[in-house]
Amino acid sequence: MPTTRSGTAIEAVNLGKTYGRGEKAVRALNGVSFAVPTGVVFGLLGPNGAGKSTAVRILSTLSKPDSGTATVAGFDVRRDPARARRAIGYVSQKPAFDPMATGRENLVLSGRVYGLSRRDARERARELLTRFGLGDAADRLAGKWSGGMQRKLDVAMGLVHRPRVLFLDEPTTGLDPEARAGLWAEIDRLAADDGLTVLLTTHYLEEADRLAARLVIVDAGRVVAEGSPEQLKNELHGDSVQVELAAGDAGDARHRARHAVGAVPGVADVTVDGGVLRARVGNGAAALPGVLAALDAAGVVPTAITMARPSLDDVYLRHAGRAFREADRTEGVLV
Ligand SMILES: Nc1ncnc2c1ncn2[C@@H]1O[C@H](COP(=O)(O)OP(=O)(O)OP(=O)(O)O)[C@@H](O)[C@H]1O
């Protein structure tokens, strides 16, 4: 297999993409670069509208960038899209299976679309149904399956032609926690057992933390941080303090709390979002009395205080300058 650099399965260099024109133009990607090592789960993490799907659509040859270059499995996605396409599997946010066909029929049809003989397509369908634990339901209509099983079927359909790189766009959106955990285990196995390179987009911080060996955080069309989840969290020294404010505390009390805690020596990055105040401190235990005294002086009574090692939430806040949940509610960057 051709490679751009030894051990690199995906390389994006300076990708740019703007939708629309004039006043309504939206810059979805603004010079995005990253490299994905072969055989790992790589996370593209960002809030709604950050540009994740746009990046994946370009890398999987479904859309063209306005600027920049990208290679997947060693093939340039613009100059050699047909060969790039054969090397990749793409599982979109939207279901791809036919609900009126059985799981097996869906997989066989997918195999035929990819040019497998009828016999090979049947054999591959059998393999994948077993692999994903879908054997028992194989001959029932896919439309009647549970959400978790349907998602697994979508992933299996993306693997029918044995791609080397698999793109999963928001694979667990809409799944309940149990189905999500089931799919996480499958995604883990794809890289660990099958040596597949998986590029996963998600707006769940926890999902990226749990699955990705490496990740980039994308915000408003730019990469704001890159590394392994551990590395990124370790770069933030100290602890994260979370103060839950009483439900009745209105904007004024929240503002006072934010101001008071921000003035405590050693406290940084104070945000208040949805009744929760977050801050970073050098040493949580040492800073706690000062934080409590400041809240008391401001007339704010917290309902709970927790201290924890930094999370990807804190990483995002540090690099994007706003809380992830806040960013997830807003969308789009007008040019
Ligand atoms: N076809 C399109 N036409 C116009 N604007 C678009 C189009 N596709 C995406 N956008 C805009 O480009 C920006 C990036 O969208 P994109 O779907 O890539 O983000 P995302 O990070 O995948 O978000 P989500 O998690 O909501 O899918 C958003 O502001 C979106 O509204």
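Below is a short write-up of the structure. No experiment lies behind these values; they were computed from the predicted model shown.

**A few points about the environment of Pro 81**
Residue position: Pro 81 is located in helix H2 (residues 81-87). Expressed as a C-alpha distance, the spacing of Pro 81 and His 203, which sit 122 residues apart in the sequence, is 28 Å. Here Pro 81 is in contact with Thr 61 and Asp 76, once residues within four sequence places are set aside.

**Quick word on the packing of aromatic side chains**
All told, the structure shown has two aromatic pairs when counted by the stated rule. Arranged with centres 5.5 Å apart and planes meeting at 20 degrees, the rings of Phe 34 and Phe 42 form a pair that is stacked. Here Phe 34 and Phe 42 have matching classes, each one buried. Centroid distance Tyr 316 to Phe 324: 4.8 Å. Interplanar angle 80 degrees. Geometry classified as edge-to-face. When sorted by exposure, Tyr 316 lands in the same class as Phe 324, which is buried. The ring of Phe 132 carries the charged tip of Arg 131 above its face, separated from the ring centre by 5.4 Å. Over the aromatic face of Tyr 204 sits the side chain of Arg 180, whose NZ or CZ is 4.2 Å from the ring centroid.

**Re the side chain of Arg 124**
Mapped onto the secondary structure, Arg 124 falls in helix H4 (residues 118-131). Residues contacting Arg 124, with those up to four places away along its chain left out, are Leu 116, Leu 159, Val 160 and Arg 162.

Procedures and definitions
- Residues numbered from 1 in each chain as written.
- Predicted model: local features only at pLDDT ≥ 70, side-chain atom pairs only at ≥ 80, totals over all residues.
- Heavy atoms only, no water.
- Helix = DSSP H or I, 4+ residues; strand = E, 2+ residues; numbered from the N terminus.
- Contact = heavy atoms within 4.5 Å.
- Phe/Tyr/Trp six-rings, centres within 6.5 Å; stacked < 30°, edge-to-face > 60°.
- Buried < 20%, exposed > 50% of the residue type's maximum accessible area, 1.4 Å probe, protein only.
- Lys NZ or Arg CZ within 6 Å of the ring centre and 35° of its normal.

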